[in-house]
Amino acid sequence: MSAPPATQIVGDLSGLPDSDSGPRHLVWWGNLGFMLIEGTGFALAIAAALFLWSRAPAWPPPGDAPPALLWSGLLTLGLFASGLPNGWVKRRALAKDAAGVRRGVLAMTVIGLALLAVRGFEIAALTPRWDKDAYGSAIWMLMLLHTSHILTDWGDTAVQAAWLYTHSIGDDQFADVEDNCNYWSFVIWAWVPLYAVVYWLPRLG
């Protein structure tokens, strides 16, 4: 019976910090990968809509009107305005300001809920029906895809706010708040091409 191999030390990790934020935190990379996957989904959905547009004699088809601009305009303004408090919350997280992130995440929960309400009015005014023709199916697909991201991030933010107010906040929680802020920025900027395809492409003829 041979002797077990001797233990070989290949590196010393004792100098690493217990936790960190940004690219030095593993979850930050996971969040980035998630956004890349979701972004690819948005790109594929937009490509499908553009393919249908390229094959249609008219876009929208005769009898269909382009979606109205009121609620979508309010939502777009609201989304970009929310980037200001979102950036403030991220800075508070990087500064490890517990009171600041508690107030900021709670505020972002309220803001997200208000934006969901506006999106609700936007969808209620969306025409034509999703099942009327390919044009209707395409714009409803894009709208529901983005709405699911607002809803998902709002739920995440609400749970995070509840956790922050009921638990002590450590480095991992500050990193979580930073990641959530990064994801909300993704939700904001992902809306730009979708808004163009849903609301302005039909107005190009």
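Small disclaimer: the values here were computed from a predicted structure and weren't measured.

Rules of the game
Residues numbered from 1 in each chain as written. Predicted model: local features only at pLDDT ≥ 70, side-chain atom pairs only at ≥ 80, totals over all residues. Heavy atoms only, no water. Salt bridge = Lys/Arg side-chain N within 4 Å of Asp/Glu carboxyl O. Buried < 20%, exposed > 50% of the residue type's maximum accessible area, 1.4 Å probe, protein only. Helix = DSSP H or I, 4+ residues; strand = E, 2+ residues; numbered from the N terminus. Axes fitted to C-alpha atoms, helices over the stretch in contact; angles between N-to-C directions. Parallel < 35°, antiparallel > 145°, perpendicular 65-115°, else oblique. Left-handed = near helix turned anticlockwise from the far one by under 90°. Contact = heavy atoms within 4.5 Å. Nonpolar A, V, L, I, M, F, W, Y, C, P; charged D, E, K, R; others polar. UniProt positions renumbered as here; feature names shortened; annotations may be inferred. Polar contact = N/O pair within 3.5 Å; in protein donor to acceptor, adjacent residues only side chain to side chain.

Enquirer: Give a description of the pattern of salt bridges that names residues and reports values.
Expert: Pairing is possible between side chains that carry opposite charge, provided their charged atoms lie close to one another. Per the stated rule, a full pass over the model turns up six salt bridges. In this structure, R24 engages D20 in a salt bridge whose closest nitrogen and oxygen atoms are separated by 2.6 Å. Residue class for R24 comes out exposed when judged on its relative accessible area of 61%. Judged by its relative accessible area of 24%, D20 is partly exposed. Between E122 and R119 there is a salt bridge, and its shortest N-O distance comes to 2.7 Å. Note that E122 and R119 are positioned in helix α3 (residues 98–124) at a spacing of three residues, about one turn of the helix. Per residue, the accessibility class of E122 equals that of R119, and both read buried.

Enquirer: Go over the packing of helix α1 (residues 26–55) against helix α4 (residues 134–166) with me, naming the residues and quoting the values.
Expert: Following both chains from N to C, one finds α1 and α4 inclined at 165°, their axes separated by 9 Å at the closest point. Classified by the angle between their axes, α1 and α4 sit roughly antiparallel to one another. Pair α1 / α4 crosses with left-handed handedness. Between α1, through E38, G41, F42, A45, I46, A48, A49 and L52, and α4, the contact on the second element is made entirely by A134, A138, M141, L142, L145, H146 and H149. Class assignment for the residues of the contact of α1 with α4 results in 11 nonpolar, three polar and one charged.

Enquirer: Give me the UniProt feature "transmembrane region" (unreviewed entry) in the protein: which residues, what numbers.
Expert: UniProt's entry tags residues 26–53, 65–84, 105–126 and 183–201 with the feature "transmembrane region" (unreviewed entry), counted in the numbering of this structure. Its end C-alpha atoms 41 Å apart, residues 26–53 is made of 100% helix and 0% strand. Along residues 105–126 one finds 91% helix and 0% strand; the C-alpha atoms at either end are 31 Å apart.

Enquirer: Break down the side chain of D64 for me, with residues and values.
Expert: Considering the arrangement of structural elements, one finds D64 in the loop between α1 and α2 (70–94). Of note is the side chain of D64, whose polar atom sits 2.6 Å from the side chain of K132. Setting aside residues no more than four positions away along its own chain, D64 makes contact with P128, K132, D133 and Y135.

Enquirer: Residue-level account of the UniProt feature "domain: Heme-copper oxidase subunit III family profile" (unreviewed entry) in the protein, with values.
Expert: Following the UniProt record, the feature "domain: Heme-copper oxidase subunit III family profile" (unreviewed entry) maps to residues 29–203 here. For residues 29–203, the end-to-end C-alpha separation is 39 Å, with 81% helix and 0% strand making up the annotated structure.

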